[in-house]
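Structural overview for review
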Amino acid sequence: MTALNRHLLHYLGWRLLQSLVVITIVVIGSFMLLHLVPGDMVDVLGGQRGDMDAELMATLRTRYGLDQPMLVQLFNYVTGVLQGDLGYSFRNSNTVLSLVLQRLPATILLVVCSVAVAVFIGTLAGVFAARHVHRPIDVIISMVVLIFYATPVFMTGLGLVIIFSVKLKLLPVGGLTTPGVDMTTLQMVGDVAQHLILPVLSLSLFYIAIYARLARASMLQVLNQDYIRTAYAKGLGTSHVIIGHALRNALLPVVTMVGLQIAELFGGAVLTETIFSLPGVGRLAYDSVFERDYPLILGVLLVCSFVIILVNLIIDLIYTLLDPRVEVSR
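Residues numbered from 1 in each chain as written. Predicted model: local features only at pLDDT ≥ 70, side-chain atom pairs only at ≥ 80, totals over all residues. Heavy atoms only, no water.

**Describing the side chain of Asp138**
Structurally, Asp138 is set in helix 6 (residues 136-150). In this structure the side chain of Asp138 is engaged in a polar contact, spanning 3.0 Å, whose partner is the backbone nitrogen of His134. The residues touching Asp138, leaving out its near neighbours within four places in the chain, are Ala129, His132, Val133 and Arg216. (Helix = DSSP H or I, 4+ residues; strand = E, 2+ residues; numbered from the N terminus. Polar contact = N/O pair within 3.5 Å; in protein donor to acceptor, adjacent residues only side chain to side chain. Contact = heavy atoms within 4.5 Å.)

The following block contains the structure:
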């Protein structure tokens, strides 16, 4: 076993142990926080119907187990989670796991595309600005990314809808696919891509600004290192030096920031999915909060936490492979 393999196995084992602790804290903490909020699903049903008396409400609480002490409810919920049962959503007449898994692909697609666009464009803009530091192009890039950073996600989304959907009628106003149209697989992919353009832009513009500034600062620091001067002294071209030598080290802070902001992207997806009517878990969580559908809220939090932790493990692994301090034994 090489030194790199031993390092990665030790690292992954430690990270998996940390992930189990985090998942446990998420399950217990979110459950207790939600049950400290006044009101429950029966109160919402009573308010909507208007004719539900106290006896019927007490009967419903007994049927759903809401009359039991919070610790008993927590024990029952944790036992169900360990068995793969996240509960039942009575508002949607379906299991929580089925509802979340139906909506999860749309959210993952939105987040992955937004991260890819933000990292690619942000890094490219930051490297280009660092290459032309203190020149007009550097000033223009800095001003543009500052505008992106200062504009809230919901304003960006609404502005994109008004311009490209309402005024120019170039892109769909919402949804993930065009309803009621029979399409081939290739046409379906193109239709989904067309529907994702505005949501991805809306969610990624803010992060483009962050990655552009971070890549610029990191690249400027790397370009002042001695090994870069040595590469230039050997007669290597600028593109070769930047892509072959400087970019790998300059990407380390960007990769770290991506891991830290995955949770923020899932949070931003709630607004984006609401604005563009995307069938994702963000919109599902938004609706379940107003309906006091506690099992569904907890299921969304648990599944999203698991996905975020898994993505962070992958990003940390990429960071480890990019880190020049890791020695590979041949």
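So, next bit.
**Examining the confidence of the model for the protein**
Across the protein, the average pLDDT comes to 81, with 90% of residues at 70 or higher. Per-element averaging of pLDDT across the protein places helix 2 (residues 41-49) at the bottom with 66 and helix 6 at the top with 90. Contacts for the low-pLDDT stretch residues 326-330, under 50 throughout, to residues beyond four places or in other chains number eight contacts. (pLDDT = per-residue confidence, 0-100.)

**Some words on helix 3 (residues 54-64)**
For helix 3, every residue scored as buried is listed here: Met57, Leu60 and Arg61. Taken around the axis of helix 3, the buried residues stretch over an arc of 100 degrees, which confines them to a single face. Facing away from the buried side of helix 3, by more than 90 degrees, are the exposed residues Glu55 and Arg63. Note on helix 3: the residue one or two positions beyond its end, Gly65, has a positive phi of about 80 degrees. (Buried < 20%, exposed > 50% of the residue type's maximum accessible area, 1.4 Å probe, protein only. Arc of directions from axis to C-beta.)

**Let's talk about the layout of surface pockets**
Estimated volume of the largest pocket: approximately 460 Å³. Lining of the largest pocket is provided by 20 residues; of these, Tyr64, Leu66, Gln73, Tyr77 and Pro295 occupy positions nearest its centre. For the lining of the largest pocket, the secondary-structure elements that each account for two or more residues are helix 1 (3-36), helix 4 (70-82) and helix 12 (294-322). With four residues, the single largest contributor to the lining of the largest pocket is helix 4. Each residue belonging to the lining of the largest pocket can be placed in one class, and the counts come to 11 nonpolar, seven polar and two charged. (1 Å grid on protein atoms, 1.4 Å probe; cavity = no way out; pocket = protein on both sides within 12 Å on 5 of 7 lines; lining within 4 Å. Points joined across faces, edges and corners; volume = space filled by probe spheres on them. Nonpolar A, V, L, I, M, F, W, Y, C, P; charged D, E, K, R; others polar.)

**Quick word on the packing of helix 7 (residues 153-167) against helix 8 (residues 185-223)**
Two elements in contact, helix 7 and helix 8, have axes separated by 9 Å at closest approach and are oriented at 145 degrees. For helix 7 against helix 8, the interelement crossing comes out right-handed. Residues Val153, Thr156, Gly157, Leu160, Val161, Phe164 and Ser165 of helix 7 form the contact with helix 8, whose participating residues are Leu198, Leu201, Ser202 and Leu205. Considered class by class, the residues forming the contact of helix 7 with helix 8 number seven nonpolar, four polar and no charged. (Axes fitted to C-alpha atoms, helices over the stretch in contact; angles between N-to-C directions. Left-handed = near helix turned anticlockwise from the far one by under 90°.)

**Some remarks on the environment of Val255**
Along the polypeptide, Val255 turns up in helix 10 (residues 238-276). Of the residues examined, Val255 reaches a relative accessible area of 14% and is grouped as buried. Along the chain, Val255 and Tyr211 lie 44 residues apart, while their C-alpha atoms are 9.5 Å from each other.

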